[in-house]
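An overview of the molecular structure
Letter by letter, the chains look like this.
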Amino acid sequence: MVIIGDGPGGYEGALVAKQLGADVTLISSGGIGGSAVLTDCVPSKTLIATAEAIDEAAASGYLGVRIDGHPASKAEFNVDLATVNTRIMELVRAQSRGIRASLDEAGVRIIEGRGSLASDDTVTVTTNNHANDDDITIPADTILIATGARPRVLPEAMPDGERILTWEQVYNLTELPEHLIVVGSGVTGAEFANGFHALGSEVTLVSSRDQVLPGEDSDAARVLEEVFERRGLHVRGNTRALKAERHDTTVTVTLNDGTTVTGSHVLMAVGSLPNTEDIGLENAGVTTDDRGFINVDRVSRTSARHIYAAGDCTGVNMLASVAAMQGRIAMYHALGDAVSPLDSSAVSSTIFTEPEIATVGLQQHDLEEGEFRGEHIMLPLKTNARAKMHGHRDGFVKLFARKGSRIVAGGVIVAPNASELIHSVTLAVDNRLTVDQLAQAFTVYPSLSGSVAEAARRMHTTQ
Ligand SMILES: Cc1cc2nc3c(=O)[nH]c(=O)nc-3n(C[C@H](O)[C@H](O)[C@H](O)COP(=O)(O)OP(=O)(O)OC[C@H]3O[C@@H](n4cnc5c(N)ncnc54)[C@H](O)[C@@H]3O)c2cc1C
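Being a predicted model, the structure only gives us computed values, none of them experimental.

Okay, the layout of surface pockets next. One number sums up the size of the second largest pocket: a volume of about 1100 Å³. Taken together, 28 residues form the lining of the second largest pocket, with D55, A59, R231, E354 and H392 sitting closest to its centre. Elements that contribute at least two residues to the lining of the second largest pocket include exactly α3 (41-59), α5 (187-199), α6 (218-231) and α10 (385-390). Counting residues per element, the lining of the second largest pocket draws most heavily on α3, at five residues. Taken together, the residues that form the lining of the second largest pocket break down as ten nonpolar, seven polar and eleven charged.

Structural data, given as structure tokens:
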């Protein structure tokens, strides 16, 4: 088994293949853990942990907390970004070392270099060892491609790593941006805009759509927009950034409505491109779609026999959890073990803003577009006793149920820790539980999860 790529798709696949008795070689060009661990999920969520600490501390005045007799105000908190980023990079390296240790312990052979397909059963590795210019050729019974994706860059806004940044470059900053312009209001743009604003930066979010988080639940996006407005985070909606120009210590972004925004830094969050060029896909008959993502089926098979692909290079859901699952599924399938095909309709995901937005399963647009017949309920969080105790005003629990069977089809939770709360809804979707079954399971009183059960209870019908 030869695995090209060291992110969750690759390393989780490697561990499963080893467990099933295969001889496994993993080719790593980016550092074990991949973008997920080194530049994307792990560092961004660690940065957000600091942002959350500030948000909570700043909100404590409402709960009666006093510092020297007066309630804390946001302005009193500031961060030492160099310390924050040092902590992030230490954590990232430790995480990467931990994964490497598990791979070593399992007996996975790791080769550092760039892998590519020489044919459908041979992988060539250009090693990182410059003393040895020879490529290594490895025969393979089965190949797993898990090469991930990278930030899309615009030629008119080329990142310089100092003031015009990709999301991979923010951890080099030693001082908090005075005014950060975030271009792109998808998940990554919204998370960084929210996070840096909480850390103390002035933030302008440039959104090309009339709503932030395009494609996500519009009620959830509306809550986030209201929170942004209340907190003074500027959103420039319905406008596209045409270029970003650096002038010494400032950056000016020109928008397509003819106006400009000037800040100290700009973060470009305008999507990802798959790492699928120059890896010899054509030598092995592996096809891609017109955007370069590798075509795969639900057990991660590509168009070539014995070649599988997992993770962001396939464009399927583009989450670390899904990459890992696709990698495992590929190996179960390749090695003849029992396998359940990937079910995208049961994937849960979270946007780590404040409040968090977590979703699973079928959504409002599926209902409106007739993907399934059913109904939904939306329960505001402010009716929840625990939320009142903590002073949480923003958010809701929304559930979707199928008509007739009353099976839970999906849900949206907008709440603090929605990433944790969504799990009960995910279990319901995955196990095809009815709203009554979800309602009947005990929840702790008082708890935010009580709102999930309450929403399900309100969907009970006597018919
Ligand atoms: C800012 C940000 C935050 C995110 N946060 C979350 C989150 O909170 N939760 C979540 O589930 N998902 C999150 N994601 C998505 C998640 O990071 C990706 O879905 C995940 O990294 C995909 O894993 P992968 O294994 O496909 O690829 P990657 O993690 O990208 O790893 C691929 C690796 O393969 C290496 N490689 C590439 N080509 C070759 C080659 N030819 N030979 C050898 N090695 C090669 C690359 O250098 C890289 O190290 C986030 C994404 C971003 C951008």
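With an omega of 5°, the peptide bond running from E354 to P355 counts as cis. Take P355: it is sitting in the loop between β18 (348-351) and β19 (356-361). Cis peptide bonds are those with omega within 30 degrees of zero, and the linkage from Y445 to P446 qualifies with -10°. Located in the positive-phi region is S300, a residue other than glycine, with phi close to 75°. Mapping S300 onto the fold places it in the loop between α7 (281-284) and β17 (307-309). Backbone geometry places R432, a non-glycine residue, at a positive phi of 55°. Within the fold, R432 resides in the loop between α11 (418-430) and α12 (435-440).

Attention shifts here to the site of the ligand. D6, G9, S35, D312 and A320 are the nearest of the 35 residues found near the ligand. Between the ligand and the protein, one listed contact pairs an oxygen atom with a backbone N or O atom of P8 at 3.2 Å. Separating an oxygen atom of the ligand from a side-chain N or O atom of S35 is a distance of 2.9 Å. About the coverage of the ligand: the protein hides 89% of its 1000 Å² of free accessible area. Looking at the shell around the ligand, the elements with two or more residues in it are α1 (8-19), α2 (34-38), α3, β3 (109-119), α5 and α8 (320-334). Its residues assigned to classes, the shell around the ligand comprises 15 nonpolar, 15 polar and five charged.

For the rest of this paragraph, the subject is empty space enclosed by the protein. Scanning the entire structure with this criterion turns up one cavity of 30 Å³ or more. Considering the residues around the largest cavity, the lining is formed by I48, A51, E52, D55, N194, A198, F352, T353 and E354. Broken down by element, the lining of the largest cavity gets its largest block of residues, four residues, from α3. Looking at the lining of the largest cavity residue by residue, the class counts come to four nonpolar, two polar and three charged.

Calculation rules
- Residues numbered from 1 in each chain as written.
- Predicted model: local features only at pLDDT ≥ 70, side-chain atom pairs only at ≥ 80, totals over all residues.
- Heavy atoms only, no water.
- 1 Å grid on protein atoms, 1.4 Å probe; cavity = no way out; pocket = protein on both sides within 12 Å on 5 of 7 lines; lining within 4 Å.
- Points joined across faces, edges and corners; volume = space filled by probe spheres on them.
- Helix = DSSP H or I, 4+ residues; strand = E, 2+ residues; numbered from the N terminus.
- Nonpolar A, V, L, I, M, F, W, Y, C, P; charged D, E, K, R; others polar.
- Near = heavy atom within 4 Å.
- Polar contact = N/O pair within 3.5 Å; in protein donor to acceptor, adjacent residues only side chain to side chain.
- Areas by Shrake-Rupley, 256 points an atom, 1.4 Å probe, with all protein chains shown as cover.

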